[in-house]
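Next come the chains, spelled out residue by residue.
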Amino acid sequence: MNLQIAQIHLQRSDQVLSQRNWQDMKEEIISLKAGSMQERWSRAVTDKAFDTIRHVKLLQTNSAHFRTLLNAGSAATNRFFCRSHNFAIGMH
């Protein structure tokens, strides 16, 4: 119930935030990179392991989503996911 109340408050205060998914967040990261780092991120986000959360809204992500991704990915996938997660937290 608390989660639903929080989601209602977020939808009222910032409609874009409540609709943002992991693909949106990854596109934002890529847009902030340049050169070879942008190329690396562009390749990394196409990894099939990310398909498990690609269209999941950030606010609806739970530990099961993370576990599935981490189990499906390689060490490199997991590193890029950790960086993505930290970016998402930093962006609130």
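Quick caveat, the model's predicted, so the values are computed rather than measured.

## Points about the nonpolar core
Item 1. Within the largest apolar cluster, 16 residues are counted, with the highest numbers of intra-cluster contacts made by Trp22, Met25, Trp41, Ile53, Leu69 and Phe81.
Item 2. Listing elements by their share of this core, those giving two or more residues are α3 (22–32), α4 (35–44) and α6 (75–90).
Item 3. With four residues, the top contributor of residues to this core is α3.
Item 4. When residues no more than four places from it in sequence are discounted, the contact partners of Leu69 are Ala49, Phe50, Thr52, Ile53, Thr77, Asn78 and Phe81.

## Quick notes on the pattern of salt bridges
Item 1. Scanning the entire structure with this criterion turns up one salt bridge.
Item 2. Of the charged contacts in the structure, one is a salt bridge between Asp51 and Arg54, with a shortest N-O distance of 2.9 Å.

## Notes on the confidence of the model for the protein chain
Item 1. With 89% of its residues at a pLDDT of 70 or more, the protein chain has an overall mean of 87.
Item 2. Here helix α1 (residues 2–13) is the element of the protein chain with the lowest mean pLDDT, 70, and α4 is the one with the highest, 94.

## Digging into the packing of helix α5 (residues 63–72) against α6
Item 1. Direction vectors running N to C along α5 and α6 enclose 150°, while the axes themselves pass 8 Å from each other. Relative to α6, α5 is oriented roughly antiparallel. Here the hand of the crossing between α5 and α6 comes out right-handed. For the pair α5 and α6, the contacting residues are Phe66, Leu69 and Leu70 in the first and Thr77, Asn78, Phe81 and His85 in the second.
Item 2. Grouping the amino acids of the contact of α5 with α6 by side-chain chemistry returns four nonpolar, three polar and no charged.

## A closer look at the packing of aromatic side chains
Item 1. Going through the model one piece at a time under the given rule, you end up with four aromatic pairs.
Item 2. Aromatic pair Trp22 and Phe81: ring centres 5.7 Å apart, planes at 50°, arrangement tilted. Taken together, the residues Trp22 in helix α3 and Phe81 in helix α6 connect sequence positions 59 residues apart. As far as burial versus exposure is concerned, Trp22 and Phe81 are alike and both buried.
Item 3. Between the aromatic rings of Phe66 and Phe81, the centroid separation amounts to 5.1 Å while the plane-to-plane angle is 50°, which identifies the pairing as tilted. Here Phe66 is found in helix α5, whereas its partner Phe81 is found in helix α6, with 15 residues between them in sequence.
Item 4. Its relative accessible area of 22% is what places Phe66 among the partly exposed residues.
Item 5. A network of ring pairs unites the aromatic residues Trp22, Phe66 and Phe81 as a single cluster.
Item 6. One cation-aromatic arrangement involves Lys26 over Phe50; the distance from NZ or CZ to the ring centre is 4.0 Å.

Rules of the game
- Residues numbered from 1 in each chain as written.
- Predicted model: local features only at pLDDT ≥ 70, side-chain atom pairs only at ≥ 80, totals over all residues.
- Heavy atoms only, no water.
- Core = buried A, V, L, I, M, F, W, Y, C linked by side-chain atoms within 4.5 Å.
- Buried < 20%, exposed > 50% of the residue type's maximum accessible area, 1.4 Å probe, protein only.
- Helix = DSSP H or I, 4+ residues; strand = E, 2+ residues; numbered from the N terminus.
- Contact = heavy atoms within 4.5 Å.
- Salt bridge = Lys/Arg side-chain N within 4 Å of Asp/Glu carboxyl O.
- pLDDT = per-residue confidence, 0-100.
- Axes fitted to C-alpha atoms, helices over the stretch in contact; angles between N-to-C directions.
- Parallel < 35°, antiparallel > 145°, perpendicular 65-115°, else oblique.
- Left-handed = near helix turned anticlockwise from the far one by under 90°.
- Nonpolar A, V, L, I, M, F, W, Y, C, P; charged D, E, K, R; others polar.
- Phe/Tyr/Trp six-rings, centres within 6.5 Å; stacked < 30°, edge-to-face > 60°.
- Lys NZ or Arg CZ within 6 Å of the ring centre and 35° of its normal.

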